[in-house]
Amino acid sequence: MLQTGILIFPGINRERDMAIAVEQSFGKAPKLIWHKETDLTGLDLVIIPGGFSFGDYLRCGAMAAQSPVMQAVKTHAARGGYVLGVCNGFQILTEAGLLPGALLRNAGLRFLSMDTMLSVERNDTIFTAHYQKGQVFRAPLAHGDGNYTADPATLDRLEGEGLVAFRYAPGAGGAESQNYNRNGSARAIAGIYSPNHRILGLMPHPEDLVDPLMGGTDGKPLFDSLAAA
Amino acid sequence: MKPVTAELAKSFGLNAEEYAKVLTIMGRTPSFTELGIFSVMWSEHCSYKSSRVWLKTLPTKAPWVIHGPGENAGVIDIGEGLAAIFKMESHNHPSFIEPYQGAATGVGGILRDVFTMGARPIANLNALRFGDPKLPVTKRVVDGVVRGIGGYGNCVGVPTVGGEVNFHPAYNGNPLVNAMTVGIAAQDKIFLSAAAGIGNPVVYVGSKTGRDGIHGATMASTEFDANSAEKRPTVQVGDPFTEKLLIEACLELMQTDAIVAIQDMGAAGLTSSSVEMAGKGGVGIELNLDNVPQRETGMSAYEMMLSESQERMLLVLKPERSEMARAIIEKWDLDYAIIGKITDTGRIVITHKGVVEADIELAPLSDEAPLYHRPYTSAAKPAPLGATHDPVGFEAALLKLMACPDIASRRWIFDQYDSTVGGQTVKRPAQADAAIVRLEGTNRALAITTDCTPRYCAADAEAGGAQAVAEAWRNITATGALPLAVTDNMNFGNPEKPEIMGQFVDAIQGMAAACTALDFPVVSGNVSLYNETEGKGILPTPAIGAVGVIEDASLATGLAIAPGQQLILIGDTKGALGQSLWLREILGREDGAPPEVNLLSERENGDFVREHILNGAVQACHDLSDGGLAIALVEMALAGDTGLTLHPSPEHIPAHAYWFGEDQARYVLAVSNPTAILTAAHAAGIPARHIGHTGGDSLTLTGGNPISLATLRDAHEGFFPAWFA
């Protein structure tokens, strides 16, 4: 079982959702780690949840990327540790240089809160083993800055090296199909891996769809995949 | 600083009689700061001087009410040792002057009212009224208000799960922004504001104090004129990040035993929080303003006492816990300052730079606050609407109504609000008649709604007040939840006009009757008067926020129908078109009497529906309101992406009145066993009819042409995106 910790930056607000999803699949509550920690020894998986770290008054994630704990995350990543960043967590990972590219303001310049469809680009990573390759699943969005961008060479490399984790998918024509790539991401990229596939950043929130009561369990396989690792 | 005179008092909003009272209480001419304190404490906003005598007539008690009106928010027992703490509050005046910040700080303020009592906020809702959509200013206000609500609520991480929006030219110069927050606390961990403990430190926590919002409470107590834009500096600026820190810091501190009393600094800031805390505790309070964290230099005592800078709290702590408290607050990067102490003098004494700037006896400041029995005249009851002729037919009327601003899909709005953060949102906006939010770690959920039909209130404020309460009760019932209590947000014009005061009195009387009949007490609320611009008042708008509980969240029922279900109409249909949207949108008329509110039928029909939802016999349920039966059916069809086939209208009612009449106390149920429901209804004396079945991809009236769901969806979804394209 992966020893798992969730980082808490001031202004993070989806740590509870994430902890619930992790505990449901892992059978064990994750540790909550304050952003002033400098040692992540003993953790296998570090999760950076969504929210508005430091208010996101500078570029989203830019302040958090300078927090003491992010040096420890870099050390953790360098020794091959797993990292999952969702929404603000993804933004923080790009600001910290652990993933390439950047998340710009949404196309349309409005906050987007809605369900969208995602396609699984590969299912041979620790994050996606419980999905099928090509599977399309539903996930809620909730962000103002999710418009993934990178220079064309970087985008080509991400695609060429199999580092695109999830793409926004048109879906089957239901309401979610209206929400296809609403934030305007380059090549409809919703999530990407590091070259060793041990760091995953994505904008949508699989942690908010792990219970039939909340409208589905489409996000649960991601946590089941990690739990089985 | 100007000399204190009756004229200055007038410019502060105190009339001659009120100023004379100040002189009597003080026994001398008050200082500038003292005058400021009296003027805000005695403003309509803080003192409820025009409304108090009538608010007292509302029912506020029930076995499940833990704290009714008088605290920062109402508190009710929701089982399993938990309490729901909730309130709705207006931020109307600021939202017209500066829509984004006005709405944002409205959300921030109501959140603080709830978490100051020890609750973690779990849901936000908002009841919004805007002017004529054809005016450019309306578009600007809508855009700013929606962005402001989203900007604040999304950042603090509280899901915005519901609300309502109306448009009417009466709100052209005076939009209404009513924000509601619901929080959850353990029943044995509820924090109150009454100060105690002579010598205990008074602690300031949160953002620094600036010059923003000075006299905001006074501004909120006057009418608008052409120069209102000059009042922009009285609007506060919100910082949701600091609010989020404040929530976490306060809730962490509340896990300890450090806090004796706590109150947020809302309207009238440091003045109202310190005066109310000491007053409720029957003690005195001494503040040294030198220690107040300030973000501007050279602030006077007057400015600090009247500032409405946001994201601030005032605490009374146990002295031996104050250093531990400091560590928790500073961990969250918030200011922590001991600014005074509790005394036994019964006075508030304000010192700044070694000078006593204010020294006022607390008891008369509250006990002798003005209380007005304003003269009122009730409007004559409107004549019933006579027979109407349908000039357009079913399909044209349906498409027009589905597309009209008061019915059109609100998706464009709620798509900008984070409705899922927290991971407990069982029914999101537009999925059910009330939002359903589960209580983390339990199977229980709250059902939450806001309701008011201002056009009914304008025609007959008593019927409208009753209808607002009844519709809130019905919306909670339609999910299967048991309605428990309400918060009211009374938005009216100038109470010094007898006809406006008459609207207020009538609405209260209608609400009181409905709350009594439905066992639905009022536990908190807010009054916003003087909603007038250049002498023209808004439609009377007693917005009702309501909370109910469902023990098994998996039984909560939404709107979405599925193929193969039978449709049952519960309740009596007479075809009431007075004040209906059909009348307004199709005939261009706003007249007649609003639909009759029969509280006995509401109760009986609702209890019947809830019982059968909880039995598992109902797959989908929707109450009937704006636009009547046809609109409710189409909303259910669109929610479930499933068509329906409907029996023709009965012969004794004109077709348009049957389909679009707004008779109350009605629900549509989608069920698999219609015979069982009809039999049970018959036995219980509940009016019930089989009206059709579900399936396919269009709406078909028997004998008529099908109207495709795609056409209906385009009509319904079009308004907001086209407006803001």
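What counts, and where the lines are drawn
- Residues numbered from 1 in each chain as written.
- Chains lettered and ligands numbered in written order.
- Predicted model: local features only at pLDDT ≥ 70, side-chain atom pairs only at ≥ 80, totals over all residues.
- Heavy atoms only, no water.
- Helix = DSSP H or I, 4+ residues; strand = E, 2+ residues; numbered from the N terminus.
- Rg over C-alpha atoms; globule rule 2.2 N^0.38 Å.
- Buried < 20%, exposed > 50% of the residue type's maximum accessible area, 1.4 Å probe, protein only.
- Areas by Shrake-Rupley, 256 points an atom, 1.4 Å probe, with all protein chains shown as cover.
- Lys, Arg positive; Asp, Glu negative; His and termini not counted.
- Charge placed at Lys NZ, Arg CZ, Asp CG, Glu CD.
- Disulfide = S-S within 2.5 Å.
- Salt bridge = Lys/Arg side-chain N within 4 Å of Asp/Glu carboxyl O.
- Contact = heavy atoms within 4.5 Å.
- Buried area = accessible area lost by both parts, 1.4 Å probe.
- Polar contact = N/O pair within 3.5 Å; in protein donor to acceptor, adjacent residues only side chain to side chain.
- Pairing = 2+ DSSP bridges.
- Core = buried A, V, L, I, M, F, W, Y, C linked by side-chain atoms within 4.5 Å.
- 1 Å grid on protein atoms, 1.4 Å probe; cavity = no way out; pocket = protein on both sides within 12 Å on 5 of 7 lines; lining within 4 Å.
- Points joined across faces, edges and corners; volume = space filled by probe spheres on them.
- Phe/Tyr/Trp six-rings, centres within 6.5 Å; stacked < 30°, edge-to-face > 60°.
- Lys NZ or Arg CZ within 6 Å of the ring centre and 35° of its normal.
- Axes fitted to C-alpha atoms, helices over the stretch in contact; angles between N-to-C directions.
- Parallel < 35°, antiparallel > 145°, perpendicular 65-115°, else oblique.
- Left-handed = near helix turned anticlockwise from the far one by under 90°.
- Nonpolar A, V, L, I, M, F, W, Y, C, P; charged D, E, K, R; others polar.
- Arc of directions from axis to C-beta.

Undergrad: Hey, could you run me through the overall build of chain B in this one?
TA: Per the secondary structure count, chain B includes 25 helices and 28 strands. A compact globule built from 725 residues would reach a C-alpha radius of gyration of about 27 Å, and chain B, at 26 Å, matches this within 12%. In terms of overall dimensions, chain B has C-alpha extents of about 85 × 50 × 45 Å along its principal axes. Taking all 725 residues of chain B together, the buried fraction comes to 65%.

Undergrad: Quick question: what am I supposed to make of the overall build of chain A here?
TA: Assigned secondary structure in chain A consists of five helices and 11 strands. By the compact-globule yardstick of 17 Å for 229 residues, chain A fits well, its C-alpha radius of gyration being 16 Å. Considered along the principal axes of its C-alpha atoms, chain A spans approximately 45 × 35 × 30 Å. Accessible surface, chain A as shown: approximately 8100 Å² in total, 51% of it carbon and sulfur. Charged side chains in chain A number 19 positive and 22 negative. The centres of these two groups are separated by 3 Å.

Undergrad: Help me understand the state of the cysteines, please; the structure alone is not making it clear to me.
TA: When the sulfur atoms of two cysteines share a covalent bond, that bond is a disulfide. In the structure shown here, the tally under the stated rule is zero disulfides over all chains. Between C155 of chain B, a free cysteine, and C60 of chain A, which holds the nearest cysteine sulfur, the sulfur-to-sulfur gap is 9.9 Å. Given a relative accessible area of 2%, C155 of chain B falls into the buried group. No disulfide involves C452 of chain B; its sulfur sits 4.1 Å from the nearest other cysteine sulfur, which is in C457 of chain B.

Undergrad: I keep staring at the pattern of salt bridges and nothing clicks. Help me out?
TA: Close approach of charged atoms lets side chains of opposite charge pair. Going through the model one piece at a time under the given rule, you end up with 54 salt bridges over all chains. Among the ionic pairs, R713 of chain B bridges to D641 of chain B, the shortest N-O distance being 3.0 Å. On the criterion of sequence distance, the pair formed by R713 of chain B in helix α25 (residues 709-723) and D641 of chain B in the loop between α22 (628-640) and β24 (644-646) is long-range, its members being 72 residues apart. Since its relative accessible area comes to 51%, D641 of chain B is described here as exposed. Each of E121, D156, E159, R167 and R187 of chain A takes part in salt bridges that share partners, so that together they form one network.

Undergrad: What exactly am I supposed to notice about the interface of chain B and chain A here?
TA: Note on interface size: it is often stated as the accessible area lost on association of the parts. Facing 35 residues of chain B, the contacting portion of chain A comprises 29 residues. Both faces combined, the contact of chain B with chain A buries some 2700 Å², and carbon together with sulfur accounts for 50% of it. Considering only the surface of chain B that becomes buried against chain A, F241, D415 and R428 of chain B emerge as the three largest contributors, covering 21% of it. Run the count over chain B and chain A and you get five salt bridges. Put simply, chain B and chain A have 17 residue pairs in polar contact (both at pLDDT 80 or more) between them.

Undergrad: For this particular structure, what's the right way to read the pairing of strand β10 (residues 312-317) of chain B?
TA: For a regular strand, the rule is simple: side chains alternate between the two faces of the sheet. All names here are of chain B. Buried residues dominate β10, accounting for six of its six residues. Across the two faces of β10 the burial is the same, with R312, L314 and V316 and M313, L315 and L317 all buried. Of the strand pairs in this sheet, strand β7 (residues 201-206) and β10 are connected by five bridges, and their pairing is antiparallel. Opposite Y204, over in β10, you have L314 as the bridge partner.

Undergrad: For this particular structure, what's the right way to read the nonpolar core?
TA: Within soluble globular proteins, side chains that are nonpolar generally end up buried alongside one another. In terms of nonpolar packing, the biggest core is built from 127 residues, with L7, F9, M70, L84 and F166 of chain A touching the most fellow members. Considering every element that reaches this core, the biggest residue donor is helix α10 (residues 240-254) of chain B, with nine residues. Not counting chain neighbours up to four residues away, the residues in contact with F9 of chain A comprise H35, I48, S53, F54, A64, S67, V69, M70 and I92 of chain A. V53, V161, A447 and V522 of chain B belong to the second largest nonpolar core, which has 89 residues in total.

Undergrad: Please clarify how empty space enclosed by the protein should be interpreted in this entry.
TA: Vacant regions in the atomic arrangement are exposed by a probe of water-molecule size rolled over the atoms. Residues and elements named next belong to chain B. According to the stated counting rule, one finds three cavities of 30 Å³ or more in the structure shown. Its volume calculated, the largest cavity comes out at about 70 Å³. Lining the largest cavity are N166, F167, H168, Y171, D406, C452, T453, P454, R455, L539, R584 and D626. Elements that contribute at least two residues to the lining of the largest cavity include exactly β5 (160-167) and α17 (454-459).

Undergrad: I tried to follow the packing of aromatic side chains on my own but got confused; where do I start?
TA: What describes a pair of aromatic rings is the distance from one ring centre to the other and the angle between the planes of the rings. Using the criterion set out here, one finds 27 aromatic pairs over all chains in the structure. Ring geometry for F130 of chain B against F167 of chain B: centres 5.9 Å apart, planes inclined by 40°, an arrangement best described as tilted. Of this pair, F130 of chain B sits in strand β4 (residues 120-130) while F167 of chain B sits in strand β5, placing them 37 residues apart in sequence. Exposure class is identical for F130 of chain B and F167 of chain B. Each is buried. Aromatic ring contacts, followed pair by pair, group F130, F167, W412, F719, F720, W723 and F724 of chain B into a single cluster. Note that K139 of chain B overlies the ring of F724 of chain B, its terminal NZ or CZ placed 5.6 Å from the centroid. The ring of W34 of chain A is capped by K331 of chain B, whose NZ or CZ atom sits 4.8 Å from the centre of that ring.

Undergrad: What should I look at first to understand the packing of helix α15 (residues 394-403) of chain B against α22 of chain B in this one?
TA: The angle between the axes and the distance between the axes are what describe a pair of packed helices. Residue and element names in this part refer to chain B. Where α15 meets α22, the axes come as close as 10 Å, and the angle between the chain directions of the two elements is 65°. Relative to α22, the element α15 lies roughly perpendicular. Considering how the two elements wind past one another, α15 and α22 form a crossing that is right-handed. Contacts between α15 and α22 pair F394, L398, L401 and M402 from the former with A630, I631, V634 and L638 from the latter. Each residue belonging to the contact of α15 with α22 can be placed in one class, and the counts come to eight nonpolar, no polar and no charged.

Undergrad: What is the right way to look at the sheet that holds strand β9 (residues 284-288) of chain B in this model?
TA: Whenever strands of a sheet pair, they do so through backbone hydrogen bonds, lying parallel or antiparallel. Residue and element names in this part refer to chain B. One open sheet holds the seven strands; their spatial order is β8-β10-β7-β11-β9-β12-β13, and the pairing between them is mixed. Sheet topology places β8 (259-264) and β13 (355-361) at the edges, where each strand pairs with a single neighbour. Neighbouring strand axes in the sheet, compared pairwise and without regard to direction, differ in orientation by 20° on average. Both strand β12 (residues 347-352) and β13 contribute to a ladder of six bridges, which runs antiparallel. Bridge pairing links V349 to D359 in β13. Sitting on the sheet, helix α11 (residues 269-281) is in contact with β8, β9, β10, β11 (335-343) and β12, with an inclination near 30° to β10.

Undergrad: Explain α15 of chain B to me, please; I cannot follow it from the model alone.
TA: Residues and elements named next belong to chain B. Every buried residue of α15 is accounted for by F394, A397, L398, L401 and M402. One face of α15 carries all of its buried residues, which in axial projection span an arc of 125°. Each element contacted by the buried residues of α15 is listed here: α20 (581-587), α22, α23 (655-660), β27 (698-701), β28 (707-708) and α25.

Undergrad: Before we go on, may I ask you to explain the pairing of β9 of chain B in this structure?
TA: Residue and element names in this part refer to chain B. One ladder, built from four bridges, connects β9 with β11; its direction is antiparallel. Paired with I285 across the bridge in β11 is I342. Both β9 and β12 contribute to a ladder of four bridges, which runs parallel. Bridge pairing in β12 links N288 to T351.

Undergrad: Help me understand the side chain of S528 of chain B in this model?
TA: All names here are of chain B. Position of S528 among the secondary structure elements: in strand β18 (residues 522-528). Looking at S528, the relative accessible area reads 4%, which means it is buried. Not counting residues within four places of it along the chain, the set of residues in contact with S528 comprises S90, N92, H93, M490, N491 and F492.

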